Amino acid sequence: MGETSYRFPHRGLTTASALNRVDLQMIADRAREHLSRNRETDKKHPSLKGLTVINLFFEASTRTLASFEIAGKRLGADVVNFSAGNASLKKGESLADTAETLAAMRPDILVVRHQSPCAAGFFQNTTGVATVNAGDGAHEHPTQALLDLFTLEEHFGDLGGRRIAIVGDILHSRVARSNVALLSLMNAEVRLCGPASLLPADADRWGASVFHDLDTALEGCDAVMVLRLQRERMSAGFIPSSREYAALYGVNHDRLEAAKPECIVLHPGPMNRGVEITSALADDPDRSVILDQVEAGVAVRMAVLELIAGRGPQEVVL
């Protein structure tokens, strides 16, 4: 049979479920090149020169916003950070009016974080501008899942058959849903663990196993992804107290005895040290890859911005 070529088909990234294994490989290959370049003195690669990226954040962010800003600037784009929390929507403007106003400024890419599910898709559909979902409520966070996947593959290689636990506040997490989609696509075994009050009612239909006992969930795991308690999304009554949550679901060195000896720990941040994870474990260079995730975030987002803009390598031979 002859060779066939595959061209990256997406002009936006609003959901992780839109990606296939070839898409993931293209993103990873490009991110790997950027990761190497980002460790050099000259980090610039002007593939987005002449393009404008607007980072439109309706929710507060530090690491995600900084990561997208650095990614865009290293690629040579003109980057504008727009904090919508202090602007037009507080004056009564509709989300559609905000979207159309920004589109009239002729940006090339919108990076959107919003508290409502599917908001990034709404922006892309309303404006026709390539849009990246930087987190939509408790729904999805595809670039976080991509950088988590990249970090795991850099550490383990092929993830087929690897057992990965995601522990904590699954209910309010946009990270968990996107990670389950991508890890399952790569044939990893995914386990979700948390108290019943912090697990979605349909979690057993996500394609992952559901556990309420942390020690059981960690048995034989290659990696554990720890999620923080998202108190800003909670009303009262989800957990009795932080102390009790830490006793039952806090991840530490002793708890990892149930996992494989080489088990690594990830966390999307920010961390509540002493609640969902101990400082000793978070800072353990033999276990923790949390700073690797942060570094990977810039490289992965550079790759995503390039590919959806139609710049840089766009085609692979299958």
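Everything below is about the structure printed above this text.
Scope of this entry: the structure provided in the associated data block. (Residues numbered from 1 in each chain as written. Predicted model: local features only at pLDDT ≥ 70, side-chain atom pairs only at ≥ 80, totals over all residues. Heavy atoms only, no water.)

A closer look at the packing of helix α1 (residues 21–37) against helix α10 (residues 290–309)
Keep this limit in mind: Note on definitions: angles span 0 to 180 degrees between N-to-C directions of axes, and those axes are lines fitted to C-alpha atoms, for helices only across the stretch in contact. Secondary structure follows DSSP: runs of H or I at least 4 residues long count as helices, runs of E at least 2 residues long count as strands, and numbering of each begins at the N terminus. For classification, angles of less than 35 degrees are called roughly parallel, those exceeding 145 degrees roughly antiparallel, those between 65 and 115 degrees roughly perpendicular, and all remaining angles oblique. When the near helix sits turned anticlockwise from the far one by under a right angle, the crossing is termed left-handed; a clockwise turn instead gives a right-handed crossing. In this analysis, two residues are considered to be in contact whenever any of their non-hydrogen atoms come within 4.5 Å of each other. Polar here means any residue outside two lists: the nonpolar Ala, Val, Leu, Ile, Met, Phe, Trp, Tyr, Cys and Pro, and the charged Asp, Glu, Lys and Arg; Gly therefore counts as polar.
Where α1 contacts α10, the axes come no closer than 8 Å and their chain directions differ by 125 degrees. When the interaxial angle is binned, α1 and α10 end up oblique. Crossing of α1 over α10 shows right-handed handedness. On α10, the residues touching Met26, Ile27, Arg30, Ala31, His34 and Leu35 of α1 are Glu295, Ala296, Ala299, Val300, Met302, Ala303, Val304, Glu306 and Leu307. Of the residues in the contact of α1 with α10, the class split is 11 nonpolar, 1 polar and 3 charged.

Considering the side chain of Gln314
Basically, it comes down to this: Here the term buried applies to any residue with accessible area under 20% of the maximum for its type, exposed to any over 50%, and partly exposed to those in between, with areas from a 1.4 Å probe on protein chains only. Polar contacts, as counted here, are pairs of nitrogen or oxygen atoms within 3.5 Å of one another; within protein the pair requires one atom able to donate a hydrogen and one able to accept it, and residues that are adjacent in sequence qualify only if both atoms are side-chain atoms.
For Gln314, the position within the fold is in the loop between α10 and β11 (315–317). Residue classification places Gln314 among the buried positions, given a relative accessible area of 6%. Here Arg11 takes part through its side chain, which lies 3.3 Å from a polar atom of the side chain of Gln314. Reaching out from Gln314, the side chain makes a polar contact with the backbone oxygen of Leu307 at a distance of 3.5 Å.

Quick look at the environment of Pro268
Relative to the assigned elements, Pro268 resides in the loop between β10 (264–266) and α9 (279–282). In this structure, the C-alpha to C-alpha distance between Pro268 and Phe58, residues 210 residues apart in sequence, is 19 Å. Aside from chain neighbours lying at most four places away, what touches Pro268 is Arg63, Gln144, Val175, Val226, Leu227 and Gln293.

Focus: the sheet that holds strand β8 (residues 209–211)
Spelled out, the test is: Two strands qualify as a pair provided that DSSP identifies no fewer than 2 bridges between them.
Spatial strand order, β8-β7-β6-β9-β10: 5 strands in an open sheet with parallel pairing. At either margin of the open sheet sits one strand with a lone partner, and together these are β8 and β10. Here the average twist between neighbouring strands, direction ignored, is 25 degrees. As paired strands, strand β7 (residues 189–193) and β8 are joined by 3 bridges and run parallel to one another. When the bridges of β8 are listed, Cys193 appears paired with Phe211.

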